[in-house]
Amino acid sequence: MSKILKIAFQGEPGANSHIAISEAYPTAEAMPCPTFEDALSAISSGEADLGMIPIENSVAGRVADIHHLLPGSGLYIIGEWFLPIRHQLMALKGTRLADIKTVESHVHALGQCRRIIRQLGVRPIVAGDTAGSARDVSQRGDKSVAAIASRLAADIYGLDILAEDIEDEAHNTTRFVVLAREPQWAEQNSGPLVTSFVFRVRNLPAALYKALGGFATNGVNMTKLESYMVDGNFFATQFYADVDGHPEDKGLAFALEELKFFSRELRIVGVYPAHPFRATFSERLEG
């Protein structure tokens, strides 16, 4: 009998991370955690086998907490998942739109549904997460309060959906990474691959320019480059990057060698299959 994977996520049952787990690993057990730190700790301790963690959103941008926490977590990326985000406006059963005075949800969800919030003239209230706001509404028993959350959350907490798919942007999509305690590099030439790494350049003039030059000269496509401060130090900057390919591919191997020469620190945090959603990137650019 095969073991059922336990996958940690931040949030409550019905969160978008929960949906991503159910899509990517239909037979897995989703393990809700109050914070990102708790989710990463559950993976590190072995309480969870994997983690499904949001890293960026096409509307809200990067999830800052994760870019700060991931490099120091000692965990590895073994996969990715792209989830179209569909927000639902929900309230207690029998509630009408005219009854609503306030709507609560995660700050990003509220920001992604500004249009309907203005149309209804209701007051937005920031909550810890989308599914948690749905649970709060179900427990409060107040028909003047609505929540913005997923369809799964409405089902779990017994709420009526008053307006469907209320997000302002149809392209609203979140990218998740699957984290594990041990690295599981995808095999070279096994299909489109992504290599993720973090690095810190040496404190030299034009060090970043020189460090990244090898990717251009070796024809390596860099799909993401993020910078953030280390320990609150304005002069210590760490970078997170995603590139196409496998570290043993000739071009990427040369590029990483050049990067290493100009860097104080370089750590590959994952080599994993590219999600099929990436194939739509070039189509969108050409369109």
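Note that the structure is predicted; figures quoted are calculated from it, not measured. (Residues numbered from 1 in each chain as written. Predicted model: local features only at pLDDT ≥ 70, side-chain atom pairs only at ≥ 80, totals over all residues. Heavy atoms only, no water.)

**A few points about the overall build of the protein**
And step 1. Along the backbone of the protein there are 10 helices and 15 strands.
And step 2. A compact globule built from 287 residues would reach a C-alpha radius of gyration of about 19 Å, and the protein, at 21 Å, matches this within 12%.
And step 3. Counting contacts in the protein only where the partners sit at least 6 residues apart, residues at least 24 apart contribute 74% of the total.
And step 4. Summed over its atoms, the accessible surface of the protein is roughly 14100 Å², and 53% of this surface lies on carbon and sulfur atoms.
And step 5. Once the 27 positive and 35 negative side-chain charges of the protein are each reduced to a mean point, those two points are 4 Å apart. (Helix = DSSP H or I, 4+ residues; strand = E, 2+ residues; numbered from the N terminus. Rg over C-alpha atoms; globule rule 2.2 N^0.38 Å. Contact = heavy atoms within 4.5 Å. Areas by Shrake-Rupley, 256 points an atom, 1.4 Å probe, with all protein chains shown as cover. Lys, Arg positive; Asp, Glu negative; His and termini not counted. Charge placed at Lys NZ, Arg CZ, Asp CG, Glu CD.)

**Some details on the packing of aromatic side chains**
And step 1. Evaluation of the coordinates by the stated rule reveals 5 aromatic pairs.
And step 2. With centroids separated by 4.9 Å and ring planes inclined at 25 degrees, the aromatic side chains of Phe 82 and Phe 277 adopt a geometry described as stacked. Taken together, the residues Phe 82 in strand β5 (residues 76-84) and Phe 277 in the loop between β15 (263-273) and α10 (279-286) connect sequence positions 195 residues apart.
And step 3. Relative to Phe 215, the ring of Phe 197 has its centre 5.9 Å away and its plane inclined at 10 degrees; by these criteria the two rings are stacked. Of the two residues, Phe 197 is situated in strand β12 (residues 193-201) and Phe 215 in helix α8 (residues 207-217); the sequence distance between them amounts to 18 residues. (Phe/Tyr/Trp six-rings, centres within 6.5 Å; stacked < 30°, edge-to-face > 60°.)

**Quick look at the pattern of salt bridges**
And step 1. Scanning all chains against the criterion turns up 15 salt bridges.
And step 2. The salt bridge partner of Glu 164 is Arg 151, with a shortest N-O separation of 3.4 Å. Here the residue Glu 164 occupies a position in the loop between β10 (160-163) and β11 (173-180), and Arg 151 occupies one in helix α7 (residues 151-157), the gap between them amounting to 13 residues.
And step 3. For Glu 164, a relative accessible area of 53% puts it in the exposed group.
And step 4. The partly exposed category is assigned to Arg 151, whose relative accessible area is 38%.
And step 5. Arg 175 is the partner of Asp 242 in a salt bridge, and the nearest nitrogen-oxygen pair spans 2.8 Å. Of this pair, Asp 242 sits in strand β14 (residues 233-244) while Arg 175 sits in strand β11, and the two are 67 residues apart along the sequence. (Salt bridge = Lys/Arg side-chain N within 4 Å of Asp/Glu carboxyl O. Buried < 20%, exposed > 50% of the residue type's maximum accessible area, 1.4 Å probe, protein only.)

**Comments concerning the nonpolar core**
And step 1. Ranked by size, the top nonpolar core spans 27 residues in total, and within it Met 52, Met 90, Ala 134 and Leu 159 carry the most contacts.
And step 2. Sorting the residues of this core by element identifies β1 (6-10), α1 (16-24), β3 (50-57), β5, α6 (130-140), β9 (145-149), α7 and β11 as the ones contributing at least two each.
And step 3. If sequence neighbours within four positions are ignored, Leu 159 has contacts with Met 90, Ala 91, Leu 92, Lys 93, Ala 134, Val 137, Ser 138 and Ala 154.
And step 4. Judged by nonpolar contacts, the second largest core, of 26 residues, contains Ile 43, Val 63, Leu 75 and Ala 274. (Core = buried A, V, L, I, M, F, W, Y, C linked by side-chain atoms within 4.5 Å.)

**Overview of the environment of Arg 151**
And step 1. Taking the C-alpha atoms as reference, Arg 151 lies 9.1 Å from Leu 89; in sequence the two are 62 residues apart.
And step 2. At 3.4 Å, the side chain of Arg 151 forms a polar contact with the side chain of Glu 164. (Polar contact = N/O pair within 3.5 Å; in protein donor to acceptor, adjacent residues only side chain to side chain.)

**Side note on the confidence of the model for the protein**
And step 1. Residues of the protein with pLDDT of at least 70 account for 93%, and the chain-wide mean is 91.
And step 2. Segment residues 283-287 is flagged for pLDDT under 50; beyond a separation of four residues in sequence, or across chains, it makes 2 contacts in the model. (pLDDT = per-residue confidence, 0-100.)

**Considerations on the sheet that holds strand β8 (residues 123-127)**
And step 1. Spatially, 5 strands are ordered β8-β7-β9-β6-β10 in an open sheet, and the strand pairing comes out mixed. Whereas interior strands pair on both sides, the edge strands pair on one side only; in this sheet they are β8 and β10. If you compare each strand with its neighbour and ignore which way they point, the axes differ by 35 degrees on average.
And step 2. With 3 bridges connecting them, strand β6 (residues 88-91) and β9 associate as antiparallel partners. By the bridge assignment, Met 90 is partnered in β9 with Ala 147.
And step 3. Sheet contacts for α6: β6, β7 (102-106), β8 and β9; angle to β9, the most-contacted strand, approximately 155 degrees. (Pairing = 2+ DSSP bridges. Axes fitted to C-alpha atoms, helices over the stretch in contact; angles between N-to-C directions.)

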